Amino acid sequence: MLELKVFRNRIANKIFELVLTLLIVSVLSFVLMKLSPVDPATAYAKRHIGSPSPEQIEEVRLRFGFDKPLYEQYFNWIKNLFSLDLGQSLSNGKPVWDNIMLALPKTLSVVFFSAILQVVLVLSLGCITFLWKSKIINKLTNLLCLIGVSIPSFYIAIILLDIFAVKWDLLSVAGNIGITNYLLPAITLGIFGASFYYPLFKDALDKENGEYYIMFFRANGLKEITLFVKHILPNSIVKLIPNFFQSIGLMIANVAIVEGVFSIPGFGYLIVNSVINRDATMIHGLVFFLALFIALANIISDLINDLLIKERGD
């Protein structure tokens, strides 16, 4: 009963942190947009009219409510948020919610395939280097991981696009259908993620291999392959699960540039275009959802970590 109460309190604290985080991020979004030297009403009028007069700009400002005090704009936005009304995009005239729901599945697809690729690469390389005690293989893998985390993702994306779409003509530069549309972006993100997590996984394997219970099983004649498959490998994987869930939220945030290179109209692509077009209503909605995804990923990571600590304690 006590443990259930503690868990409920933990959940309540996480929900409070989530709400507080979203409030702070949304307030900063409005304040920074207000401090921006570019007026969204002026940007909208120039984009749709060409050479607008001051009266026309003022009409746009009144139409979208930019004439109201900042606190009133914010509270109106919060009130409408509960009915999933995030306003109207200044770029295409469509509801912000509809734009986000159209772009989000594409981004989640890239993140999903990238996560699968990272898991396969990290587990494969980690198991090979751990079981095959070769200094050359180990140093070569560490060097490749160092290169993988050092090269910017957009540069890797351009190289992959040049090889697979231009030189080998296996994929189109844009407009691929189905899984091929997400293949190269997933590889781009997967290279960085695998390069980052491989050393952590390898270190977890080495630490688990040095535990006393492993030495006890080994001394009692348990086969090395059995020891690795049943004990070392699963316990090492479990230790990295919280960190991996944290990276899911960060991948959604980092996918923007990659989507731009591969012309995928996803979440990140929408963020970049909204900033370029000074689409204030779209920026507020996108920043809110981006903060929500990152915060949820961190909360899931913390809860999993708490459960793992409890299991080890038991």
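Up top is the structure these notes are about.
Calculation rules
Residues numbered from 1 in each chain as written. Predicted model: local features only at pLDDT ≥ 70, side-chain atom pairs only at ≥ 80, totals over all residues. Heavy atoms only, no water. Helix = DSSP H or I, 4+ residues; strand = E, 2+ residues; numbered from the N terminus. Patch = residues over 30% accessible without salt bridge, like charges linked within 9 Å, V, L, I, M, F, W, Y side chains within 5 Å. Areas by Shrake-Rupley, 256 points an atom, 1.4 Å probe, with all protein chains shown as cover. Salt bridge = Lys/Arg side-chain N within 4 Å of Asp/Glu carboxyl O. Buried < 20%, exposed > 50% of the residue type's maximum accessible area, 1.4 Å probe, protein only. Phe/Tyr/Trp six-rings, centres within 6.5 Å; stacked < 30°, edge-to-face > 60°. Core = buried A, V, L, I, M, F, W, Y, C linked by side-chain atoms within 4.5 Å. Contact = heavy atoms within 4.5 Å.

A. The arrangement of unusual backbone geometry in detail. Even without a glycine there, the phi angle at Leu-84 is positive, about 60°. For Leu-84, the position within the fold is in the loop between helix 4 (70-81) and helix 5 (96-131). A positive phi is found at Arg-278, a non-glycine position, where the angle reads about 55°. Position of Arg-278 relative to the elements: it lies in the loop between helix 11 (267-276) and helix 12 (280-313).

B. Main features of a nonpolar patch on the surface. On the surface, Leu-140, Leu-143, Leu-144, Leu-146, Ile-147, Val-149, Phe-192, Phe-196 and Leu-200 cluster together into a nonpolar patch covering about 780 Å² of accessible area. Elements that contribute at least two residues to the nonpolar patch include exactly helix 6 (135-150) and helix 8 (180-209). If you tally residues by element for the nonpolar patch, the top one is helix 6, at 6 residues. Topologically, Leu-200 is positioned in helix 8. The class for Leu-200 is partly exposed, based on a relative accessible area of 34%.

C. Highlighting the packing of aromatic side chains. A full pass over the atoms with the stated rule returns 18 aromatic pairs. Cluster of aromatic residues (ring-pair linked, three or more members): Phe-30, Tyr-74, Phe-75, Trp-77, Trp-97, Phe-267, Phe-288, Phe-289 and Phe-293.

D. Representation of the nonpolar core within the structure. Counting 29 residues, the largest nonpolar core has Trp-77, Leu-86, Ile-100, Phe-267 and Phe-289 as the members making the most contacts within it. Listing elements by their share of this core, those giving two or more residues are helix 1 (2-35), helix 4, helix 5, helix 10 (224-261), helix 11 and helix 12. Per-element tally for this core: the top contributor is helix 12, with 11 residues. Once residues within four sequence positions are removed from consideration, Leu-86 is found in contact with Trp-77, Leu-81, Val-96, Trp-97, Ile-100, Thr-281, Gly-285 and Phe-289.

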